[in-house]
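Now for the letters of each chain:
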Amino acid sequence: MLTKKLLSACLGAGLVAALAVSASAADITGAGSTFVYPVLSKWSADYNKQTGDKLNYQSIGSGGGIAQIKAATVDFGASDAPMKPEDLTTGGFGQFPLVVGGIVPVINVKGIKSGELKLTGKVLADIYLGNVTKWNDKAIADLNRGLKLPDSQIAVVHRSDGSGTSFNWTNYFSKVNEDWKSKVGEGTAVNWPVGIGGKGNEGVAAYVTRVKDSIGYVEYAYALQNKLPYVLIQNAAGQYPKPNAESFSAAAASAEWTKAQDFYLIMTNAPGEKAWPVTATTWAIMYKEPKDAARSKAAFAFFKWALENGQKEASSLDYVPLPETLVKQIEDYWTASFKG
Amino acid sequence: MSEAMASLPATTAGVKRRDGAAGDRIFYWIVLGCGLFVLVALFAAAFSMVWDGFLAFRTFGFGFLTGMEWDPVAQRFSGLVPIYGTLVTSALAMIIGVPVSLGIAVFITEVAPRSIRGPIGGAIELLAGIPSIIYGMWGLFTFAPFMSDYVQPVLIDWLGPIPIIGALFTGAPLGIGMLTSGIVLAIMIIPFVSSVMRDVFLVVPAQLKESAYALGSTKWEVVRDIVIPHTRTAVVGGIFLGLGRALGETMAVTFVLGNTHNIAVSLMEPGTSIAATLANEFAEASDDLYRSSLSALGLILFVVTFIVLAAAKLMLVRMARQRGE
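Note on numbering: residues in each chain are counted from 1, in written sequence order. Starting at A for chains and at 1 for ligands, labels are handed out in the order in which the entities are written. Local features in a predicted model are, by the rule used here, given only for residues with pLDDT of at least 70; side-chain atom pairs are given and counted only at 80 or more, and totals for whole chains, interfaces and linings are based on all residues. Remark: hydrogens and water are excluded; side-chain values derive from all non-hydrogen atoms of the structure.

## Some remarks on the overall build of chain A
Numbering goes from the N terminus for both helices and strands, where a helix is a DSSP run of H or I of at least four residues and a strand is a run of E of at least two. When you go through chain A residue by residue, the secondary structure sums to 14 helices and 10 strands. Long-range contacts, defined here as pairs at least 24 residues apart, represent 75% of the contacts in chain A between residues at least 6 apart. In this description, accessible areas are obtained by the Shrake-Rupley approach with a 1.4 Å probe, and a residue is regarded as covered only by the protein chains that are shown. As displayed, chain A has an accessible area near 14000 Å², and 53% of this comes from carbon and sulfur atoms. Neither His nor the chain ends contribute to the count of charged residues, in which Lys and Arg are positive and Asp and Glu negative. By convention, the charge on Lys lies at NZ, on Arg at CZ, on Asp at CG and on Glu at CD. One finds the centroid of the 34 positive side-chain charges in chain A at a distance of 5 Å from the centroid of its 31 negative side-chain charges. By the convention used here, residues are in contact when the closest approach between their heavy atoms is within 4.5 Å.

## A closer look at the overall build of chain B
Per the secondary structure count, chain B includes 12 helices and 2 strands. Counting only C-alpha atoms, chain B reaches 70 × 55 × 35 Å along its principal axes. Burial classification: accessible surface area is computed with a 1.4 Å probe over protein chains only, and a residue below 20% of its type maximum counts as buried, one above 50% as exposed, and the rest as partly exposed. Expressed as a percentage of the 325 residues in chain B, the buried residues total 44%. Across chain B, the fraction of contacts at a sequence separation of at least 24, relative to all contacts at a separation of at least 6, is 72%. For chain B, the computed accessible surface area is about 16400 Å², with 72% contributed by carbon and sulfur atoms. In chain B, which carries 19 positive and 21 negative side-chain charges, the distance between the mean positions of the two groups comes to 14 Å.

## Things to note about the sheet that holds strand E2 (residues 55-58) of chain A
All names here are of chain A. As summarised here, the arrangement of the 8 strands in space is E2-E1-E3-E10-E4-E8-E6-E7, forming an open sheet in which the pairing is mixed. Among the strands making up the open sheet, the edge pair consists of E2 and strand E7 (196-198). Neighbour-to-neighbour, the strand axes of the sheet open up by a mean angle of 25°, direction not taken into account. DSSP bridges decide pairing: two strands pair if at least two such bridges lie between them. Here strand E4 (residues 93-108) pairs with strand E8 (residues 214-219) via 6 bridges, running antiparallel. Paired with Ile107 across the strands is Ile215, a residue of E8. Note on method: axes are straight lines fitted to C-alpha atoms, helices fitted across the in-contact stretch only, with angles between N-to-C directions ranging 0 to 180 degrees.

## Examining the nonpolar core
If you look at the biggest cluster of nonpolar residues, it comprises 162 residues, and the most contacted ones within it are A:Phe76, A:Phe96, A:Ile140 and A:Ile215. With 12 residues, helix H12 (residues 288-322) of chain B is the single largest residue contributor to this core. With 9 residues, the next largest nonpolar core counts A:Ala31, A:Met83, A:Leu88 and A:Ile285 among its residues. Residues belong to one nonpolar core when they are buried, are Ala, Val, Leu, Ile, Met, Phe, Trp, Tyr or Cys, and are joined through side-chain atoms within 4.5 Å.

## Thoughts on the UniProt feature "domain: ABC transmembrane type-1" (unreviewed entry) in chain B
In the numbering used here, UniProt assigns the feature "domain: ABC transmembrane type-1" (unreviewed entry) to residues 83-312 of chain B. In the segment residues 83-312 of chain B, helix accounts for 77% and strand for 0%; the C-alpha atoms at its two ends are 20 Å apart. UniProt positions are given in the numbering used here, feature names are shortened, and annotations may be inferred rather than shown by experiment.

## A few points about helix H11 (residues 245-254) of chain A
For H11(A), the full list of buried residues reads A:Ser247, A:Phe248, A:Ala250, A:Ala251 and A:Ala252. Against E4, helix H10 (220-225) and strand E10 (279-287) of chain A lie the buried residues of H11(A).

## Some thoughts on the UniProt feature "transmembrane region" (unreviewed entry) in chain B
Residue and element names in this part refer to chain B. Residues annotated by UniProt as "transmembrane region" (unreviewed entry) correspond here to residues 26-51, 83-108, 120-144, 164-190, 234-258 and 296-316. Summarising residues 83-108: 100% helix, 0% strand, and an end-to-end C-alpha distance of 36 Å. Here residues 234-258 runs as 84% helix and 0% strand, with 35 Å between its end C-alpha atoms.

## Considerations on the pairing of E8(A)
Residue and element names in this part refer to chain A. For E8, the tally of buried residues reaches 6 of 6 residues, placing the bulk of the element in the interior. With 2 bridges connecting them, strand E6 (residues 155-159) and E8 associate as parallel partners. Bridging from a neighbouring strand, Ala155 pairs with Ser214 of E8.

## Side note on the packing of aromatic side chains
Residues and elements named next belong to chain A. Each Phe, Tyr or Trp ring (for Trp, its six-membered ring) is paired with any other whose centre lies within 6.5 Å, and the angle between the two planes then decides the class: stacked below 30 degrees, edge-to-face above 60, tilted in between. Summed over all chains, the structure comprises 40 aromatic pairs over all chains. Ring centres 5.0 Å apart and planes at 85° place the aromatic pair Phe263 and Tyr333 in the edge-to-face group. Within this pair, whereas Phe263 is found in the loop between H11 and E10, its partner Tyr333 is found in helix H14 (residues 324-337), the two being separated by 70 residues in sequence. With a relative accessible area of 11%, Tyr333 lands in the buried category. Two conditions define a charge located above a ring, namely a distance within 6 Å from the ring centre to NZ of Lys or CZ of Arg, and an angle within 35 degrees of the ring normal. Above the ring of Tyr240, the side-chain terminus of Lys118 is found at 5.1 Å from the ring centroid.

## Considering the packing of helix H4 (residues 80-111) of chain B against helix H7 (residues 178-202) of chain B
Residues and elements named next belong to chain B. The contact between H4 and H7 brings their axes to 6 Å, and the two run at 40°. Judged by the inter-axis angle, H4 sits oblique to H7. Seen from above, H4 lies across H7 with right-handed handedness. A breakdown of the residues in the contact of H4 with H7 according to their chemical character gives 23 nonpolar, 9 polar and 1 charged. Should an angle fall under 35 degrees it is taken as roughly parallel, and over 145 as roughly antiparallel, whereas 65 to 115 is taken as roughly perpendicular and any remaining angle as oblique. By the definition used in this description, the sense in which the near helix is turned from the far one sets the handedness, with an anticlockwise turn below a right angle giving left-handed and a clockwise turn giving right-handed. Basically, the charged four are Asp, Glu, Lys and Arg, the nonpolar ten are Ala, Val, Leu, Ile, Met, Phe, Trp, Tyr, Cys and Pro, and anything else, Gly included, counts as polar.

## Quick word on the confidence of the model for chain B
pLDDT is defined as a per-residue confidence score from the predictor, taking values between 0 and 100. Residues of chain B with pLDDT of at least 70 account for 94%, and the chain-wide mean is 88. Overall, residues 1-7 of chain B carries pLDDT values under 50, and its contacts beyond four positions in sequence, including any with other chains, amount to 1 contact.

Below is the structure:
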């Protein structure tokens, strides 16, 4: 059984390598984050129609994307967690954000509709720590006067697979809850104190739909598609914005990108009045001095087109365009940092 | 399997005396290559896992097998929790799956009217052909809610208060967990175990059974005293084939086990298995130690499966010796 799996894994890896080799010069190859896959494939189709250049993207997970770019088998890697500036320098990489999306807490509690329940980030983290175990706990009740909360155990659902969604979720908790920061920390996979794990956004959505009195977190698009009631979270400015394109782009706009070296900035808990507190982005990681300058150039042409013209497609897939000022910054970064 | 291999050179020697010896020699080398391929693949797989897992074993030592911790952030890993989950879910699958498989095989070969043997046999083979991801999706979307609404509340109410074994049936009826995984795994191994059993039951000589019936035996007595003793080794072989599959099953378990890194007495609680941990975490494991720990878990699964199959082989040898074969 295992031998079989190992063999098929080798075959799969071989296939990826073969694809990378057989691709023609103008083809751009990338690998990584599953979060950006839908929008990248849409962009790729439109870009192909206009220019004839093709993008070949393998959505194998952010960790896989970083591993592939380190091995120089692709023109760019995509990751939901940015690489540290010092690691970028060591490897000769540069990175920049591509698209913005939101992560929302979703619940299955009888009688509570979308947007009715309000939580602070600290209480949300306390639920995931197992410190707050009942829906009518004082910490929740104090934030929701007038809302009828059931006297039942909270079933906590998290991602079981390593994921950028979990990375941003735990990063947010680490910013708003000291206890979480010292006990659990942040990462694509962490040692979850309580709860059950669902595989992928669809796994979490399925558990929250099936298990009574549960809470989970998914990308905004999954909450919309599955009609899961979402919870409002208090942002850094003390407001309770609704999760939507407006509050996600408000978070992207209020984040202080100018101060971030190599765009190493995680947008959670952004300071803006209207900012959704758990807003995330995906970074593209590329060589500053690529071996194949022509293909790297083709990749930059594609990203330039995508950042300037591809944002309508992003909106139609429930992602949010990058603010114009940020696009300008990224283009300046390209000229300053990348050769060829 | 081994008998077929052992008889190969003998056959070759027998044929060599005739013409076309050269062709036969080529044939010999070709099939020898095929046979050796298995060994090479096995050793290559084992070697690559030892190689990849070396860092984890060097860092954590023997504690990797006995520790309960799995913390990717703090870079501390150990394997007891997934090992436990793998063994418990497989054991549950065997407890449920083996008696049912035996019943199916006996029904088809001894009891069922000839007209429905074919359809049931075909249905078993179809069941064996369903990909495991389908069992996983079915388990998550259909079977888990059924367990949570109708089966688990009853088990918790009726069996929960009983001393000692009651501890196995406590907790919230989430619908997923060890018990659900065990049942889904049982459904997945039943086709393998029962079709092996059916095939060997069919080769029991009719004279033996007819003599027993002539002496006034009932159907049950014929099955118990003639059919099963006659086919014992093959039946055990089939059971262990099923166990091997249950130990390594990945996708179905990943969907219904709950993927929680803890050990709980209750069968209602979620847990994790080695295969599920690998499936969940490999894609995003970017640190060397993390990746190495996952490879080390893979090696442990490999070793566990090897031990189980070796034990089965030993058992078969001993049973054969007891009967003086």
